[in-house]
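The primary structure of each chain is shown beneath.
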Amino acid sequence: MWLKPEEVLLKSALKLWVLERANRYFVLQRRRGYGEDGGGLAGLLMGTLDAVLDSTSKVAPFRILHQTPDSQVYWSIACGASREEITEHWDWLEHNVMKTLSVFDSNEDVTSFVQGKIRGLIAEEGKGSFIKEEDPEKFREAILKFEKCFGLAEQEKLVTYYSCSYWRGRMPCQGWLYLSTNFLSFYSFLLGAEIKLVISWDEISKLEKTSNVILTESIHVCSRGEDHYFSMFLHINETFLLMEQLANYAVRRLFDKETFESDLVLRDPLQITKRGLENRAHSEQFSAFFRLPKEETLKEVHECFLWVPFCHFNTLGKMCISENYICFASQDGSLCSLIIPLREVIAVEKADPANKGVNISTKGKRAFRFTEVKDFEHLVAKLGIRSGTTSSPHHTASTEVATTSDADNLVDYYEGRLMAGQKGSSKTVSTEALMTVFHPQDADNLDSKMLKEKMKEQSWNILFVECGRGVSMFRTKKTRDLVLRGIPETLRGELWLLFSGAINDMATNPGYYTELVEKSLGTCTLATDEIERDLRRSLPEHPAFQSDTGISALRRVLTAYAYRNPKIGYCQAMNILTSVLLLYAKEEEAFWLLVAVCERMLPDYFNRRIIGALVDQAVFEELIRDHLSQLTDHMTDMTFFSSVSLSWFLTLFISVLPIESAVSVVDCFFYDGIKAILQLGLAVLDYNMDKLLTCKDDAEAVTVLNRFFDSVTNKDSPLPQAVQQASNLNDTKSYHPKVDITDLIRESNEKYGDIRYEDVESMRCRNRLYVIQTLEVTTKQNVLRVVSQDVKFSPSDLEELYELFKKEHFLSCYWSANSPVLRHHDPSLPYLDQYRIDCQQFRVLYHLLSPWAHCANRDSLALWTFRLLDENSDCLINFKEFACALDVMYNGSFTDKLKLLFKLHIPPAFTEVESLSPSKGDDLSKEELIHFSQLHVSSPVDSQEADALKRSPEKGKEKIDIQAYLKQWQDELLKKEENIKDLPRMNQFQFIQFSKTLYNLFHGDPEEELLYWAIATVTSLLLKMEEVGRRLQSPTSPAKSPASAAESSTDSQNAPKKDSAPQQTERRNVQSPRRDDHEWSFAFEQILASLLNEPALVRFFEKPLDIKAKVENAKTSQLKARTRV
């Protein structure tokens, strides 16, 4: 490897390096302790020194220096891991550089020329590869060490590396931690003790920062039940953040492909860099904090002051700029925040150059002044260009909401612009919130509740005057206080839209919803069937959903969202949430609110495995341990909290609280996000602490909580009694004291308001790994429980086989951005079909695990075995099929093993592999293997049934044929033990291949000669018996004698070790009799009876085989660097 020229003082290096070659301008040296005089104390000391000091010579013990006569300064220009590599560089210098150097007059010119030449070679060699790295030269050296130490695939992309200590018990081992796209790797070499640790990210179940008496601050990694600790980092927070991102990236890529496939940035592992991951983390945090579209990327951050006019002071904070938004957050995060969409900006000007001021004017006749902005002139010019280019006809309407009527006109304007000319579209979509239709407020009604409602409205109107109204309003502590008190009925829809960020989605996608409704109307999918089933279950007690108006609006919103996002489609609980949204927001607004909740605020909640909800439940349990330790000490099983709180998270407490109280919770959720739900959950448990501590079982605790929720009221709710759900219940359960929801929310903020948004996100990342691994353990347990009934492997061996099977699936996904196998992992499928492998992967596992893998024709055997197992001809097999085949090979009886070999040599498993060139022998290329695995020699079922088996109902696009699944299940239950008499006969060509396979199996056996003689005897006997039988059947017309075939077969039997060329000729010669009308054949009973007469053959197939050694070898061979010392 060429190195960036650096000065080396040769005098101090004489004892560490040995001279190998030298000429007038270059010196080739070898590191002492390596090569001919390697080993001994010198080798140990040098190896330890190089590892600890991160010396390049640890993995590159050869180097080339550039020198000039009469100079004490040398320049390192190349290094090499092997003598061959460094010799290649030396030869290149002698042939391409030495002749040129003689023309220079001075030593300075020679050195300058050599340095320029080497830099040019480096630039050409790493063109485009390391441009994104901070120190390309140093990173090249790190890649060399990484590849040398671990020997992973060339496609494995090193992201970054750190110096740290790995703890083996109580002993720290100093070394280097390498973080790549698929693996966490550690290397250390101390006094001859080498440590290599390779952990794939998808195996990590816990990743956290810890500290104790010995380790002040360390990173704890738990993988497959093993704990690993790394400490003594220079920048531990940076390291942990990158590890967390890489682990979550791997989890999303391998276990949650739906989310991964929609992420264009992460789809190509080769494009991932340390800087890119850091930028991505900042952008995600930025988008989530300000509730912006996920596509927004953080471009710039400026520390500055913002003038707050209603407080008359400047607040210090950070201005964050993305493609379409200017955002500001004060230092404490809650004092003041601001969002300015560039579509609203009409002018960006310099103001007060002495204070480096920037004035931004918006369409609502508002102006915002930022001061002490670094490079403010450049920023003004840049923002001016951006706001000018982003202003378009779609964004001409102001989102500054001056009055309620203005907010109503906003949506109508957007719809009218895009849908003009489409007649009848306005009749399809409702333009009124259901609450205004079914419960219009009576202006003349001045009871106490209405007076309080008017006072709330007045408080908000005062806030709007001070802070502005609409998307660019100031959000301050006063805003939060008003939200906690409950948003007025008339403003609820408007403020939900604002605080959730849905207003931005709606503003930038005018007419999108109406278009979706028209496209989705009339579609018939699995999602629409589920929606129709749940429509009448959505707030059935509310008058709005007892009429066709409410039901139709709910149907349109849910169907449109299922059409927009078929990966989610429809999930239970979405109907309950959408019903509440429709009460206070117009139909299109409710749709965009649903988008904001499902895709941003509650990520991964509404998929088939509700991973997001499970993650937040794990976060909730962690908070309970921290804040309610008395309760956790009493509860022996923490899963109680998970089972109870699932509906809290999925429906935002709507399913457990009366509607008039639940909407106040939704108010807080749209302002504070999931933090509000977590705080309220803690407050509920804290309020019922005493009663829960006296409960003897889970059922009693559930009853306590249900009674509490029934007693929650909203004393200030202006809703009529017919709508309020709690009114009647409280009369019947008057013995339970009433709890006002406003007081409960205020108490949750007072006690648990110190929970920070950043801490919640960190806990989400940490617990996501745990939840995914827990789901994977559940999948494994279910698969093993099913498969163990059909095999004789021990539970531990079967578990090891499952891990190898799953690992092989993942290995094909690691280094391919668009791996076809990756598409086959579908967590919505039954447990057995979630992981399946193709023929290429099966061949790898067959070579590693099969007791017959030593055969010369092992590729053909693997191919035929795969075809036999692939009964539905979809070119994939699951773990049950894989394990059953291995079980026959290891634990089957003599008859079982022979029957398997027999079936491998008849259709549909058997297929000719005659397309191979003689030079390749019996090995099959990947392309040939896949080609032969897809050939249909003989279908086990008719074409219609085969198509039905291959077609898996696509989620969200067509109905599932339940009857077909029931029939398939019934057929499997009624499947009888296969009778050997039902097996088809084996023809001449197939029998010869069968005989050759038996010969290959015997190779290397202690009784090899005896076995060869036995099989030759059996083969000759079978051929003679068949010939006699055919003569007896037709004595007047003698059949074609199989003597020649017997002779060729016997010859091949007596010479099993010949090269493959004669075998190829022999195969071609026997093809013609195979198509003859007088072809002879054998039944399985004949072959079985003949082989049973040979004791050597019976002993060979009945001798016990242990799979443990094969499994251990496979674990190391699957990933050769998986060695742990």
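Calculation criteria
Residues numbered from 1 in each chain as written. Predicted model: local features only at pLDDT ≥ 70, side-chain atom pairs only at ≥ 80, totals over all residues. Heavy atoms only, no water. Helix = DSSP H or I, 4+ residues; strand = E, 2+ residues; numbered from the N terminus. Buried < 20%, exposed > 50% of the residue type's maximum accessible area, 1.4 Å probe, protein only. Contact = heavy atoms within 4.5 Å. Areas by Shrake-Rupley, 256 points an atom, 1.4 Å probe, with all protein chains shown as cover. Pairing = 2+ DSSP bridges. Axes fitted to C-alpha atoms, helices over the stretch in contact; angles between N-to-C directions. Core = buried A, V, L, I, M, F, W, Y, C linked by side-chain atoms within 4.5 Å. Parallel < 35°, antiparallel > 145°, perpendicular 65-115°, else oblique. Left-handed = near helix turned anticlockwise from the far one by under 90°. Nonpolar A, V, L, I, M, F, W, Y, C, P; charged D, E, K, R; others polar. Polar contact = N/O pair within 3.5 Å; in protein donor to acceptor, adjacent residues only side chain to side chain. pLDDT = per-residue confidence, 0-100. Phe/Tyr/Trp six-rings, centres within 6.5 Å; stacked < 30°, edge-to-face > 60°. Lys NZ or Arg CZ within 6 Å of the ring centre and 35° of its normal. Salt bridge = Lys/Arg side-chain N within 4 Å of Asp/Glu carboxyl O. Patch = residues over 30% accessible without salt bridge, like charges linked within 9 Å, V, L, I, M, F, W, Y side chains within 5 Å. Lys, Arg positive; Asp, Glu negative; His and termini not counted. Charge placed at Lys NZ, Arg CZ, Asp CG, Glu CD. Expected span 1.5 Å × (residues − 1). Arc of directions from axis to C-beta.

Draft legend 1. Molecular detail of the overall build of the protein chain. Within the protein chain one finds 47 helices and 26 strands. Per-residue burial over the protein chain gives 55% buried out of 1125 residues. Of the contacts made within the protein chain by residues no fewer than 6 positions apart, 68% connect residues no fewer than 24 positions apart. Of the accessible surface of the protein chain, which amounts to about 50,400 Å², a share of 52% is contributed by carbon and sulfur atoms.

Draft legend 2. Summary view of the sheet that holds strand β7 (residues 171-180). One open sheet holds the 7 strands; their spatial order is β9-β8-β7-β6-β12-β11-β10, and the pairing between them is antiparallel. Each edge of the open sheet is held by one strand with a lone partner, namely β9 (193-200) and β10 (204-210). The mean inter-strand angle of the sheet, taken between neighbouring strand axes irrespective of direction, is 30°. As judged from the 6 bridges shared by strand β11 (residues 218-223) and strand β12 (residues 226-231), these two strands associate in the antiparallel manner. Bridge assignment links I219 to a residue of β12, and that residue is F230.

Draft legend 3. Focus on the sheet that holds strand β14 (residues 313-321). Strands sit in the order β17-β18-β19-β13-β14-β15-β16-β20 across an open sheet of 8 strands; the sheet is antiparallel. Since the sheet does not close on itself, it has two edges, and those belong to β17 (345-351) and β20 (475-476), each with one partner. The sheet contact formed by strand β13 (residues 300-308) and β14 spans 9 bridges and is antiparallel. Within β14, the residue paired with E303 across the bridge is K318. This element, helix α8 (residues 274-290), spans β14, β15 (325-330) and β16 (336-341) of the sheet and lies at about 80° to β15.

Draft legend 4. Up close: unusual backbone geometry. In this structure, P908 follows P907 across a cis peptide bond, with omega equal to 5°. With respect to the element layout, P908 can be found in the loop between α36 (894-904) and α37 (926-933). In this structure, L652 is a non-glycine residue whose phi angle is positive, near 55°. Mapped onto the secondary structure, L652 falls in the loop between α24 (639-651) and α25 (659-672). At C875, a position not held by glycine, the phi torsion is positive, near 65°. Inspection of the secondary structure assignment puts C875 in the loop between α34 (858-869) and β24 (877-878).

Draft legend 5. Highlighting the nonpolar core. Within the largest apolar cluster, 145 residues are counted, with the highest numbers of intra-cluster contacts made by F370, W460, M574, F606, W648, F670 and L685. Considering every element that reaches this core, the biggest residue donor is helix α21 (residues 587-601), with 10 residues. Not counting residues up to four positions away in its chain, the partners in contact with W460 are T479, L482, V483, G486, I487, P488, L491, L495 and F499. Counting 96 residues, the second-largest nonpolar core is a separate cluster that includes F146, L886, M889 and L1001.

Draft legend 6. The arrangement of the pairing of β14 in detail. Remark: 4 residues form the turn of the hairpin made by β13 and β14, two consecutive strands paired antiparallel; H312 in that turn has positive phi of roughly 60°. Where β14 and β15 come together, 5 bridges link them in antiparallel fashion. By the bridge assignment, C320 is partnered in β15 with C327. Hairpin connection between β14 and β15: a loop of 3 residues separates the two successive antiparallel strands.

Draft legend 7. Up close: the pairing of β12. Pairing geometry for strand β6 (residues 158-168) and β12, over 2 bridges, is antiparallel. Paired with Y166 across the two strands is F230, which belongs to β12. Connecting the antiparallel pair β11 and β12 is a turn made up of 2 residues, with R224 showing a positive phi of about 50°.

Draft legend 8. Quick peek at the packing of α24 against helix α26 (residues 674-687). Running from N to C, α24 and α26 cross one another at 135°; their axes reach a closest spacing of 11 Å. With respect to their mutual orientation, α24 and α26 come out oblique. The way α24 lies across α26 gives a crossing that is right-handed. Contact residues: α24 offers F641, W648 and F649, while α26 offers I674, I677, L678, G681, V684 and L685. Here the contact of α24 with α26 is built from residues that sort into 8 nonpolar, 1 polar and no charged.

Draft legend 9. Region of interest: helix α33 (residues 839-849). Taking burial as the measure, the 11 residues of α33 include 9 buried ones, the bulk of the element. All of the buried residues along α33 are C839, Q840, Q841, F842, R843, L845, Y846, L848 and L849. The N-cap of α33, judged by a side-chain oxygen 3.3 Å from the amide nitrogen of Q840 a few residues on, is D838.

Draft legend 10. Main features of the confidence of the model for the protein chain. The share of residues in the protein chain with pLDDT of 70 or more is 76%, and the mean pLDDT across the chain is 80. Taken together, the stretch residues 128-132 has pLDDT below 50 and engages in 7 contacts with residues farther than four places along the chain or on a different chain. Scored below 50 in pLDDT, residues 726-734 makes 11 contacts in the model with residues more than four places away or belonging to other chains.

Draft legend 11. Representation of the packing of aromatic side chains. Here the structure, examined in full by the defined rule, presents 54 aromatic pairs. Ring centres of F328 and F370 lie 6.1 Å apart, and the angle between their planes is 55°; this geometry places the pair in the tilted category. Within this pair, whereas F328 is found in strand β15, its partner F370 is found in strand β19 (residues 367-371), the two being separated by 42 residues in sequence. For the pair F328 and F370, one class covers both residues: buried. For the pair Y687 and F708, a centre-to-centre distance of 5.1 Å together with 40° between the ring planes defines the contact as tilted. Residue Y687 is found in helix α26, and its partner F708 is found in helix α28 (residues 698-711); the two are separated by 21 residues along the sequence. Residue classification places Y687 among the partly exposed residues on the basis of a relative accessible area of 38%. Joined through ring pairs, the aromatic side chains of F139, F146, F150, Y161, W176, Y178 and Y187 make up one cluster. Directly above the aromatic system of W307 lies the positively charged group of R369, at a separation of 5.4 Å from the ring centroid.

Draft legend 12. Representation of the pattern of salt bridges within the structure. Enumeration according to the criterion identifies 44 salt bridges in this entry. Across the pair E20 and R83 runs a salt bridge, and its minimum N-O distance is 2.5 Å. On the criterion of sequence distance, the pair formed by E20 in strand β2 (residues 17-22) and R83 in helix α2 (residues 83-96) is long-range, its members being 63 residues apart. Overall, the relative accessible area of 29% leaves E20 in the partly exposed class.

Draft legend 13. Summary view of the environment of E761. Mapped onto the elements of the fold, E761 is located in helix α31 (residues 757-787). Sequence separation between E761 and Q285 is 476 residues, and the spatial gap between their C-alpha atoms is 8.9 Å.

Draft legend 14. Region of interest: a negative patch on the surface. The grouping of D637, D697, D698 and E700 at the surface amounts to a negative patch. Position of D637 relative to the elements: it lies in the loop between α23 (629-634) and α24. Under the relative-accessibility criterion, D637 is labelled partly exposed at 39%.

Draft legend 15. Representation of the environment of T528 in the model. Along the chain, T528 turns up in helix α18 (residues 526-534). What makes T528 buried here is its relative accessible area of 10%. The spacing of T528 and G569 is 41 residues in sequence and 8.6 Å in space, taken between C-alpha atoms. Excluding anything up to four places from it in sequence, T528 contacts T523 and T559.

Draft legend 16. Here's a closer look at helix α13 (residues 448-467). Between its first and last C-alpha, α13 extends 29 Å over 20 residues, near the 28 Å set by a 1.5 Å rise per residue. Buried within α13 we find M450, E453, K456, E457, W460, L463, F464 and C467. One side of α13 carries all its buried residues, which in axial view fall inside an arc of 135°. Those residues of α13 that are exposed and aimed more than 90 degrees away from the buried face are S448, M455 and V465. The inward-facing, buried residues of α13 contact α14 (477-485) and α15 (492-500).

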